[in-house]
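# Summary of structural features
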Amino acid sequence: MRDVGEEVAAAYREEWGRVVAAVIRFTGDWDLAEECAQDAFARALRRWPVHGVPRRPGAWLTTAARNLARDRLRRRALEAGKLREFALRRPAEAGTGPDDRLELMFACCHPALALPARVALTLRCLTGLSTADIARAFLVPEATMAQRIVRAKRKIRHGGIPFRVPPAHLLPERLDAVLAVLYLLYNAGYSGGGRPELAAEAVRLARVLAGLMPAEPEARGLLALMLLHEARRPGRHDAGGDIVPLDRQDRGGWDRAAIAEGVRLLAPAPAGKYQVQAAIAACHACAPSAGETDWPRISRLYAQLARLAPGPVVELNRAVAVSMADGPAAALPLLDALRAAGALDGYHLLPATRAELLRRLGRRAEAAQSGREALELAADEAERRYLTRWLTSLTS
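All figures in this text were calculated on a predicted structure; none of them were measured in a lab. (Residues numbered from 1 in each chain as written. Predicted model: local features only at pLDDT ≥ 70, side-chain atom pairs only at ≥ 80, totals over all residues. Heavy atoms only, no water.)

## Let's talk about the pattern of salt bridges
- Summed over the entire model, instances satisfying the criterion amount to 21 salt bridges.
- Among the salt bridges present, the one from Asp29 reaches Arg76, with a minimum N-O distance of 3.3 Å. Taken together, the residues Asp29 in the loop between helix 1 (4–27) and helix 2 (30–51) and Arg76 in helix 3 (residues 57–79) connect sequence positions 47 residues apart.
- Taking the shortest distance from any N to any O, the salt bridge between Asp336 and Arg354 comes out at 3.2 Å. Taken together, the residues Asp336 in helix 16 (residues 328–341) and Arg354 in helix 17 (residues 349–360) connect sequence positions 18 residues apart. (Salt bridge = Lys/Arg side-chain N within 4 Å of Asp/Glu carboxyl O. Helix = DSSP H or I, 4+ residues; strand = E, 2+ residues; numbered from the N terminus.)

## Re the confidence of the model for the chain
- Confidence in the prediction of the chain, expressed as mean pLDDT, is 89, and 94% of residues score 70 or more.
- When the criterion is pLDDT under 50, residues 93–98 qualifies, and its contacts beyond four places in sequence or with other chains add up to 6 contacts. (pLDDT = per-residue confidence, 0-100. Contact = heavy atoms within 4.5 Å.)

## A closer look at the side chain of His284
- Along the chain, the position of His284 falls in helix 13 (residues 273–286).
- Judged by its relative accessible area of 11%, His284 falls in the buried class.
- Residue contacts for His284: discarding those within four places in its chain leaves Arg232, Leu246, Arg251, Trp254, Thr293, Trp295 and Ile298. (Buried < 20%, exposed > 50% of the residue type's maximum accessible area, 1.4 Å probe, protein only.)

## Description of the packing of aromatic side chains
- Tallied over the full model, the rule gives 6 aromatic pairs.
- Their ring planes at 40° and their centres at 5.1 Å tell us that Tyr12 and Trp16 sit as a pair that is tilted. Highlighted residues: Tyr12 and Trp16, both in helix 1, separated by 4 residues, approximately one helical turn.
- The exposure class of Tyr12 is partly exposed, given its relative accessible area of 26%.
- Given a relative accessible area of 0%, Trp16 falls into the buried group.
- Taking the centre distance of 5.4 Å and the plane angle of 70° together, the rings of Trp48 and Trp60 count as edge-to-face. In this pair, Trp48 sits in helix 2 while Trp60 sits in helix 3, placing the two residues 12 residues apart along the sequence.
- Through a chain of ring-to-ring contacts, three or more aromatic side chains come together here, namely Tyr12, Trp16 and Phe41.
- Lying across the ring of Trp254, Arg232 places its NZ or CZ 5.9 Å from the centre.
- Against the face of Tyr190 rests Arg236, its NZ or CZ located 3.9 Å from the ring centre. (Phe/Tyr/Trp six-rings, centres within 6.5 Å; stacked < 30°, edge-to-face > 60°. Lys NZ or Arg CZ within 6 Å of the ring centre and 35° of its normal.)

Below, the structure written as structure tokens:
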């Protein structure tokens, strides 16, 4: 049984975004909402050990934060000599959904805000991570991150960005902006060395979004994609932190419950870019062994993804799938075209992929040259160790 401190910590993780969103709707003041939410949790730490944990912690915290906000607004009005206007002021109506977090997500991810600001504001307002924690996660000074958040809030306040779910004709574009922020946040926690706490927050927010918009296949697709990748996280590195290639990972250590949940979220015929990426991840996660992976289907899905979301990284991944489905000779021209286009200059995975295809074709000298190029470009230490081992095995 959890003690009261653990109950408050759990409520903080689960209810912070809901409490902040409710107070923003009530006051229209983002800074005041965060301040009152923090004080409501501080009050819980003092009162719950004495009076017990309430049956509905979220409702208790929301009520406490709203009451604190009302008192502070009244005090401000009194100090400004505008008490009568405060008395006549009507509070904003509550949202029509189960909570106001959906409106908060759309406000934080509004296209008028720069992408780094959207990510920072989403983390600050919906997860309760401190500015210092967010700055550390994205390797920028705390002052820089604080300025991003302050400027974003100022733009929302002065730019008239509404606190609501967009109308139907704007929803696809605006939903894509929300999904893009969550996807970027997840990748920051998964790629390279990764920061598992960021990935966990992204999964949690994607779960909230999918729960609040159950009829949106792309919201479900993004959650499925994250779950299917997270399920394989335990096998990505060995005990020493070295990379374990997908075909050598211990599939017995993958999270089968997460895989099952991810597969359930998939549409029968994936049509959006997140659903298609999740279908690709499901092909890997559901294969009993590396040799039984359905590479022809993965190749077809990547071709579909290239039409939905064209880009050089998608083409690189498609080339890998083609090499596995049709052989390295069929894929090498795709890599050569990417190299000639120059869009992936400086991206170590392009020469690394080319090196592996050349190795499979028996062109070992060219493979070694591409492998050394990849090693020079790789920044992550685990990637560098892997490439060093790969080069050693090639020449031994």
